[in-house]
Amino acid sequence: MTELVRAISVEKIGSVENINLEKPKLRDYEVLFKVHYVSLCTIEQRVYKGKRDYGYPFLGGHENVGEIIEVGNGVVGFEKGDYSVFTFNYCNQCESCQSGRGTQCEHQKEQLQKIEFDGSIVGGAMSEYIAVPAWQLIKITPKIEDLPVFALTEPLACCIHSVEKANIQFGDTVLIIGFGIMGWLHLQLAKLRGAITIVSEGDEERRNFAQVEGADYVINPMEESVESCINEITQQKGVTVIVNTVANPNIWDSLFSLLTTQGKIIAYSSQDMKKPASVDMGYIHSKEIQIIGTVNPTVHDNLKATKLIMAKRIDLEKMIDSIFDYEDAKAAFDHACLPNVYRVLIKF
Ligand SMILES: [Zn+2]
Ligand SMILES: [Zn+2]
């Protein structure tokens, strides 16, 4: 008889269901990974709300933590009972992956099916068991009560990727636009790098939180001129780095006047590609400005994230709003979509 495992599927817009899938069969060089916690990223929320279409039914789950249940032939370095996070979405075999540019893997769309699911899969940890190549796992040694925070390895790793691309240094002035989870993570990492931090956020509750979390300056862009504030803080010089974590395409034109010469703008948030921003190339040339895109993490970024979490350098628990049981998956999605909610986890 086929063994069934529990999974969570977005059946269509606004509909989440608890379903059963066939327990995946282990192939050589794979491990059977049992998901303990999966986190609801913006991808899952957007698919649920119909703001992003990967095709339905949809099975997400790229932010996860779990345990190795079984080890396939040829696997070295992992044993049954090891805790780990599984990372994606790279093949480890193409030129991009092999040259350290795994965020641009050439085979992202042709990854091995980890589970038998009649629909689209992004990540796959919305299924309680998945079979994944061993090299996609990062081993962790957590205290069992700390396990949930490791489900946030991937978002932390995304921001490590971003901060390293910005090459934030001691004494840099970093303007972080938006104080959702990505703004919060950038604040923590910029502080670890010795930067002076400025958060611009329209929501009062989030602004207050930014203050509590140690932002050196907090700006309300709805009521204050960001440019005047930055001029005052930096004595007319402008900031050295701007990190944009909001998806508003109208924001770009205003950023150049906030930046010092040789300054960097990090395009962190996803943007609607059909709404290009105008860019003054003469200004970029003469002031030696850099505009840097950043998306996803490499496996190395994920490894660094697990090390920071294990050493408790970043208190990710603050980013966990709530943990729902598997049976309450629909309620978890609804809750995650509420305003001002950071991460919502589901426990299998
Ligand atoms: Zn994510
Ligand atoms: Zn690749």
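Residues numbered from 1 in each chain as written. Chains lettered and ligands numbered in written order. Predicted model: local features only at pLDDT ≥ 70, side-chain atom pairs only at ≥ 80, totals over all residues. Heavy atoms only, no water.

Novice: Describe the coordination of the zinc ion (ligand 2), and please don't skip the residues or the numbers.
Specialist: Coordination of the zinc ion (ligand 2) by the protein involves Cys-91 (SG), Cys-94 (SG), Cys-97 (SG) and Cys-105 (SG), with metal-donor separations of 2.3 to 2.4 Å. Considering all four donor atoms around the zinc ion (ligand 2), angles at the metal cover 102 to 119 degrees and the coordination shape is tetrahedral. Of note, the zinc ion (ligand 2) draws all its donor residues from one chain, in the sequence arrangement C-x2-C-x2-C-x7-C. Here Cys-94 matches Cys-97 in class, with each residue buried. (Donors = N, O, S within 2.8 Å, 3.2 Å for Na, K, Ca; no water. Tetrahedral: all angles 85-135°; square planar, octahedral: opposite > 155°, others 65-115°. Buried < 20%, exposed > 50% of the residue type's maximum accessible area, 1.4 Å probe, protein only.)

Novice: Which residues make up the pairing of strand β14 (residues 259–267), and what values go with them?
Specialist: Most of β14 sits inside the fold, with seven of its nine residues counted as buried. Bridge count for strand β13 (residues 239–244) against β14 is five bridges, and the pairing is parallel. The residue bridging Asn-244 from the neighbouring strand is Ala-267, located in β14. Where β14 and strand β15 (residues 290–293) come together, four bridges link them in parallel fashion. Looking at the pairing, Lys-264 lines up with Gln-290 of β15. (Helix = DSSP H or I, 4+ residues; strand = E, 2+ residues; numbered from the N terminus. Pairing = 2+ DSSP bridges.)

Novice: Could you give an account of the packing of aromatic side chains, with specific residues and numbers?
Specialist: Tallied over the full model, the rule gives eight aromatic pairs. When the ring of Phe-33 is compared with that of Phe-86, the centres are 5.9 Å apart and the planes differ by 75 degrees; the resulting orientation is edge-to-face. Within this pair, whereas Phe-33 is found in strand β3 (residues 30–39), its partner Phe-86 is found in strand β6 (residues 83–86), the two being separated by 53 residues in sequence. Using a relative accessible area of 2% as the deciding quantity, one classes Phe-86 as buried. Here Phe-209 and Tyr-342 contribute two aromatic rings whose centre-to-centre distance is 5.8 Å and whose plane-to-plane angle is 50 degrees, an arrangement assigned as tilted. One end of the pair, Phe-209, is in helix α5 (residues 204–212); the other, Tyr-342, is in the loop between α9 (329–336) and β17 (343–347), and 133 residues separate them in sequence. A residue is classified by how much of its surface remains accessible, and Phe-209, at 21% relative accessible area, is partly exposed. Given a relative accessible area of 12%, Tyr-342 falls into the buried group. (Phe/Tyr/Trp six-rings, centres within 6.5 Å; stacked < 30°, edge-to-face > 60°.)

Read these as layout, nothing more, since geometry by itself doesn't imply function.
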